[in-house]
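Structural characterization, general
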Amino acid sequence: MTAFDPHHQPVALRLPLAPGTDGHTYMGCDAVSALLRAIADACRNLADEADPEMIARVIDLEADALDCRALALIRPRLTE
């Protein structure tokens, strides 16, 4: 069983994001590919876990980190 590392930094924190002129946040194809590979890697690393919910939580952490970064990037535009 793999122990959860509370100091884990989500991969999504290292992906490049860019604000669009339409108020949305965008990622390049290479960043999307890196995120998908990180998700696949997490699934492989946790494949022996008896609790499939743990795998889902790790993926949710990545998604939450990406959502937070995207909102922080476009927030100044939302208040204008």
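Everything below is about the structure printed above this text.
All values derive from a computational prediction rather than experimental measurement. (Residues numbered from 1 in each chain as written. Predicted model: local features only at pLDDT ≥ 70, side-chain atom pairs only at ≥ 80, totals over all residues. Heavy atoms only, no water.)

**Some points on the overall build of the protein chain**
Helix and strand counts for the protein chain come out as two helices and two strands. In the protein chain, the succession of helices and strands from N to C terminus is β-β-α-α. With 80 residues in all, the protein chain has 25% of them scored as buried. Within the protein chain, residue pairs in contact and separated by at least 24 positions form 62% of the contacts whose partners lie at least 6 positions apart. (Helix = DSSP H or I, 4+ residues; strand = E, 2+ residues; numbered from the N terminus. Buried < 20%, exposed > 50% of the residue type's maximum accessible area, 1.4 Å probe, protein only. Contact = heavy atoms within 4.5 Å.)

**Considerations on the pattern of salt bridges**
For side chains of opposite charge, pairing can occur when their charged atoms come near one another. Inspection of every chain in the model, using the stated rule, returns one salt bridge. Across the salt bridge formed by Asp-41 and Arg-44, the nearest N and O atoms sit 3.7 Å from each other. Of this pair, Asp-41 and Arg-44 are both found in helix 1 (residues 29–45), three residues apart, which corresponds to roughly one turn of the helix. With relative accessibility at 58%, the residue Arg-44 sits in the exposed group. (Salt bridge = Lys/Arg side-chain N within 4 Å of Asp/Glu carboxyl O.)

**Observations regarding helix 1**
Taking 1.5 Å per residue as the helical rise, helix 1 with its 17 residues ought to reach 24 Å, and the 24 Å between its terminal C-alpha atoms agrees with that figure. Listed as buried for helix 1 are Ala-31, Leu-35, Ala-38 and Ala-42. Down the axis of helix 1, the buried side of the element spans an arc of 60 degrees, and every buried residue falls inside it. Relative to its buried face, helix 1 has exposed residues pointing more than 90 degrees away, namely Cys-29, Asp-30, Leu-36, Arg-37 and Arg-44. (Expected span 1.5 Å × (residues − 1). Arc of directions from axis to C-beta.)

**Focus: the nonpolar core**
A general trend in soluble globular proteins is that nonpolar side chains are found buried together. Grouped together as the largest cluster of nonpolar side chains are seven residues: Ala-12, Leu-15, Leu-17, Ala-31, Leu-35, Ala-65 and Leu-66. Of all elements in the fold, only helix 1 and helix 2 (52–78) reach the threshold of two or more residues within this core. Among residues more than four places away in sequence, those in contact with Ala-12 are Glu-62, Ala-65, Leu-66 and Arg-69. One finds Ala-42, Leu-46, Ile-55 and Val-58 within the second-largest nonpolar core, a separate group that totals five residues. (Core = buried A, V, L, I, M, F, W, Y, C linked by side-chain atoms within 4.5 Å.)

**Quick notes on a negative patch on the surface**
A contiguous patch of negative charge, built from Glu-53, Asp-60, Asp-64 and Asp-67, is present on the exposed surface. With respect to the secondary-structure elements, Glu-53 resides in helix 2. A relative accessible area of 43% places Glu-53 in the partly exposed class. (Patch = residues over 30% accessible without salt bridge, like charges linked within 9 Å, V, L, I, M, F, W, Y side chains within 5 Å. Areas by Shrake-Rupley, 256 points an atom, 1.4 Å probe, with all protein chains shown as cover. Lys, Arg positive; Asp, Glu negative; His and termini not counted. Charge placed at Lys NZ, Arg CZ, Asp CG, Glu CD.)

**Some points on the environment of Val-32**
By secondary structure assignment, the location of Val-32 is in helix 1. A residue is classified by how much of its surface remains accessible, and Val-32, at 35% relative accessible area, is partly exposed.

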